[in-house]
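# Descriptive structure summary
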Amino acid sequence: MDCSCCETSVQIQLRGKLIMKIERKTYKDGNLYPEVFNYLKNLPDSILFHPDHTEYHPFSIYNRSIDRIVKAFISVLSELDQISNALFDANGNPTYRLDKLPDLQKELLSAMQSHIDDCYRILKTLHPPDLRANNTLFVERWLEKAKHPTYKDFERNIKDYKNPLAIIVNKIKHNGGQLRSIMVYSRGRDIVVQDLKSGIQFPYPNARIVGYFLEGMQPDGVIGADFAVHHKGDTAISLNRDLRFHFANLYCIGRYLKKAIIRAVRHTHRIDLHPSVVVIESTSNWQELEKISKQISRLPSLFFKDEFSKATPDVVYYCSDHGSELILEFPSTRKVTWQGDATLYAEFQLDGVSSEYRVPYSRV
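Model, not experiment: these values are computed from the prediction. (Residues numbered from 1 in each chain as written. Predicted model: local features only at pLDDT ≥ 70, side-chain atom pairs only at ≥ 80, totals over all residues. Heavy atoms only, no water.)

## Section: the overall build of the chain
A tally of helices and strands in the chain yields eight helices and 13 strands. The C-alpha radius of gyration computed for the chain amounts to 22 Å, which stays within 12% of the reference 21 Å derived for 364 residues, consistent with globular compactness. Taking the principal axes of its C-alpha atoms as reference, the chain extends roughly 65 × 55 × 40 Å. Counting only residues that meet the buried cut, the chain has 52% of its 364 residues in that class. Once local pairs closer than 6 in sequence are excluded, the contacts in the chain between residues at least 24 apart make up 72%. Surface exposure of the chain reaches about 17,900 Å², of which carbon and sulfur atoms provide 49%. The positive charge centre, built from 48 side chains, and the negative charge centre, built from 44, are 4 Å apart in the chain. (Helix = DSSP H or I, 4+ residues; strand = E, 2+ residues; numbered from the N terminus. Rg over C-alpha atoms; globule rule 2.2 N^0.38 Å. Buried < 20%, exposed > 50% of the residue type's maximum accessible area, 1.4 Å probe, protein only. Contact = heavy atoms within 4.5 Å. Areas by Shrake-Rupley, 256 points an atom, 1.4 Å probe, with all protein chains shown as cover. Lys, Arg positive; Asp, Glu negative; His and termini not counted. Charge placed at Lys NZ, Arg CZ, Asp CG, Glu CD.)

So, in structure tokens, the structure goes:
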């Protein structure tokens, strides 16, 4: 069955800012995966070169990549749920430790960076072997050497996401960087949340904003948040924003990859892939993807205060008798702030040599 609209993806201009809106509907698309999922499944064998590169089929590459990301999201969301429902002791400290979160978040960040590498591998499978590029080269270098027709455009489209992500992941891999947990909470007190668009204010009881920061050595010799990632070493990253951010970018990357595939096939084979493709029913992890979509859509719009001004995606999930629907708007037009008394809680470990540690947001 042909699908007339496998993904609604529009860009609109609002007060000088470009907004991307992506919609996926199971009753039209067969699944909630990024749009490129269906395209990869239906690529004709005649345009593929994966055997020449001793690579998996591009759909297999993508499916394996998505599977890892889904598992990573599930783990982080499950841990966030445990933290959000933890009780407090008589001293006001949470009874549930945050020490599992850094490793789980690290896996999610690593999975997202590996996903970008997998997208490069997919582009490679669409390009014939080239004497200018040795197969032992890293895939990005290979694409560059082989003068892949759409590699540079794809790279340019995703760089605003890829580059900040790579800084964190590479510092963990190559510089001994550690992720540390942090939480702002208002046990026994209400904070006041305000919707800046409507001006409406409402109390939010027992708010918990869970996040992390990349640990590093600061210029004055104190251990704290890494200056290369966190402004002046005094900020952190809330999961309420970060999970939305990575989830939405997964779909943005899928959109750009689909465009790169269509243009690459046109350039190499003089073939125009039809904009409509066969609907692909969900694979074995479709329930997990729907669960993730639902959980992320329900995360509170409560972020660390320096994140108020940052572009944050809006993730909306619906489920009805007709099927499921996922709507992503990046950045969101909704802006929310909060104010009130809150407690800062962080978990870290001194190395036995350094005597000082600076926790984000702790400076008076």
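## Considerations on the nonpolar core
Counting residues in each nonpolar core, the largest one holds 80 residues, and the members touching the most others are F154, L243, F247, Y251, L257 and I261. Residues in contact with L243, not counting those within four places in the same chain, are F73, V76, L77, L80, Q105, L108, I296 and L299. If you look at the next biggest cluster of nonpolar residues, it comprises 17 residues, including V184, V193, W338 and V359. (Core = buried A, V, L, I, M, F, W, Y, C linked by side-chain atoms within 4.5 Å.)

## Let's talk about the packing of helix α3 (residues 58–84) against helix α4 (residues 101–125)
Packed helices, taken two at a time, are described by the angle between their axes plus the distance between the axes. The N-to-C vectors of α3 and α4 enclose an angle of 165°; their axes lie 9 Å apart at closest approach. Between α3 and α4, the angle is such that the two are roughly antiparallel. When the axes of α3 and α4 are compared, the crossing they make is left-handed. Classifying every residue of the contact of α3 with α4 gives 15 nonpolar, seven polar and five charged. (Axes fitted to C-alpha atoms, helices over the stretch in contact; angles between N-to-C directions. Parallel < 35°, antiparallel > 145°, perpendicular 65-115°, else oblique. Left-handed = near helix turned anticlockwise from the far one by under 90°. Nonpolar A, V, L, I, M, F, W, Y, C, P; charged D, E, K, R; others polar.)

## Details of the sheet that holds strand β5 (residues 201–205)
The three strands lie next to each other as β5-β4-β11, forming an open sheet whose pairing is antiparallel. Lying at the two open borders of the sheet, with one neighbouring strand each, are β5 and β11 (336–339). Adjacent strand axes in the sheet meet at a mean angle of 30°, parallel and antiparallel pairs treated alike. Here strand β4 (residues 190–195) runs beside β5; their pairing, made up of five bridges, is antiparallel. Looking at the pairing, I191 lines up with Y204 of β5. (Pairing = 2+ DSSP bridges.)

Keep in mind these numbers describe shape, not what the thing actually does.
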